[in-house]
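# Tertiary structure, described
Each chain, written out:
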Amino acid sequence: MAIFTRTELAELNVFSTICRKKSFRLAAAELGVSTSALSHTMRSLEERLGVKLLNRTNRSVVPTPAGIALVSQLDQGFEYIRSAVSQLEEYRNEPIGHLRLNIPRDALDLLMTPVMESFAKNYPKIALEVAVNNHQVDIINEGFDAGIRYGEITPKDMIAVPLTDKLKWVVVAAPEYIKKHGSPTSPAELKTHHCINMRLGNGSIYHWELGNDNERCELMVPGQYIFSETSMIINAALAGLGLAYCLEMQIDPHLRNGTLQSVMPHWAHLSEPFMMYYPSRRQLQPGLRPLIALIKAQQHRL
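Residues numbered from 1 in each chain as written. Predicted model: local features only at pLDDT ≥ 70, side-chain atom pairs only at ≥ 80, totals over all residues. Heavy atoms only, no water.

A few words on the pattern of salt bridges. A side chain of one charge can pair with a side chain of the opposite charge if their charged atoms are brought near each other. Under the definition given, this model contains 12 salt bridges. Between Arg 48 and Glu 8 there is a salt bridge, and its shortest N-O distance comes to 3.6 Å. Residue Arg 48 is located in helix H3 (residues 35-49), and its partner Glu 8 is located in helix H1 (residues 6-21); the two are separated by 40 residues in the primary sequence. Taking relative accessible area as the criterion, Arg 48 reaches 37% and is therefore assigned partly exposed. For Glu 30, the salt bridge is made with Arg 20, and the minimal N-O distance between the two is 2.6 Å. You can see Glu 30 sitting in helix H2 (residues 24-31) and its partner Arg 20 sitting in helix H1, a full 10 residues away along the chain. We classify Glu 30 as partly exposed; its relative accessible area is 32%. Salt bridges here are not isolated pairs; linked through shared partners, they connect Arg 20, Lys 21, Glu 30 and Glu 142. (Salt bridge = Lys/Arg side-chain N within 4 Å of Asp/Glu carboxyl O. Helix = DSSP H or I, 4+ residues; strand = E, 2+ residues; numbered from the N terminus. Buried < 20%, exposed > 50% of the residue type's maximum accessible area, 1.4 Å probe, protein only.)

In structure tokens, the structure reads:
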């Protein structure tokens, strides 16, 4: 059996990280070193192995055929190591380690922010990193331990755990808008109204989903405003700029104080819950199980 030195293992980890991030700069940021240090490490590794592993230009980093063959095997090996280490969690009195999550902005506002203080207080030895991306991310390729997404778009090859009940989506408007333009009573009437649209992470415009079961439709609504952040949509609705399609839980305070009013309530739509998902072949990362429990408990208190 070959014995690897600490330096050799570190070099292989650097190579694997560069391939995963497709960038010396991003790999350096993740590893906490300079790009020049990574360049030196890669030169040392290639000289030791006698094989060129990376083709590097000003714009990209691409593994050579030899590099592709090596990194595919390395990724499996490092995954086995991570899995073996994570299994030690059950022998500890409290979770210790790093947890990296990728979540959309809505999940940050609704799920993560309300439990951050409690999580930090109860699990002080967990180093938590949260990246916010509204577009879909390959969490394995990008080095994340888990992600949160709406249930409908959770990757099918992952283990997915619901964090909320089914989500209720409603059409709302400010009283000022309703007074000036009236309130629609059916999906067909939306064509004569100003609607505030959402651009999804994949670049498409979201089609409003209205109703459930036999009385359900999806339609593109007219409107001069398009935003990629829910907070901007809500603020535009509060300003009376048009009808908005939102998660009821996200605008509950506005519905309670009357600054927004529900229209077409019988056309409210129920969708799948928010899901925490992670690779099926990987043991739960330290802190992930208690984080899921905290989020669920917080949602049940609402």
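Having seen the model, we can carry on.
Before going further, it helps to examine the side chain of Ser 271. Here Ser 271 lies in strand S14 (residues 269-271). Its relative accessible area of 6% is what places Ser 271 among the buried residues. In this structure the side chain of Ser 271 is engaged in a polar contact, spanning 2.8 Å, whose partner is the side chain of Trp 169. Ignoring any residue separated from it by four or fewer positions in sequence, one finds Ser 271 in contact with Glu 152, Lys 166, Leu 167 and Trp 169. (Polar contact = N/O pair within 3.5 Å; in protein donor to acceptor, adjacent residues only side chain to side chain. Contact = heavy atoms within 4.5 Å.)

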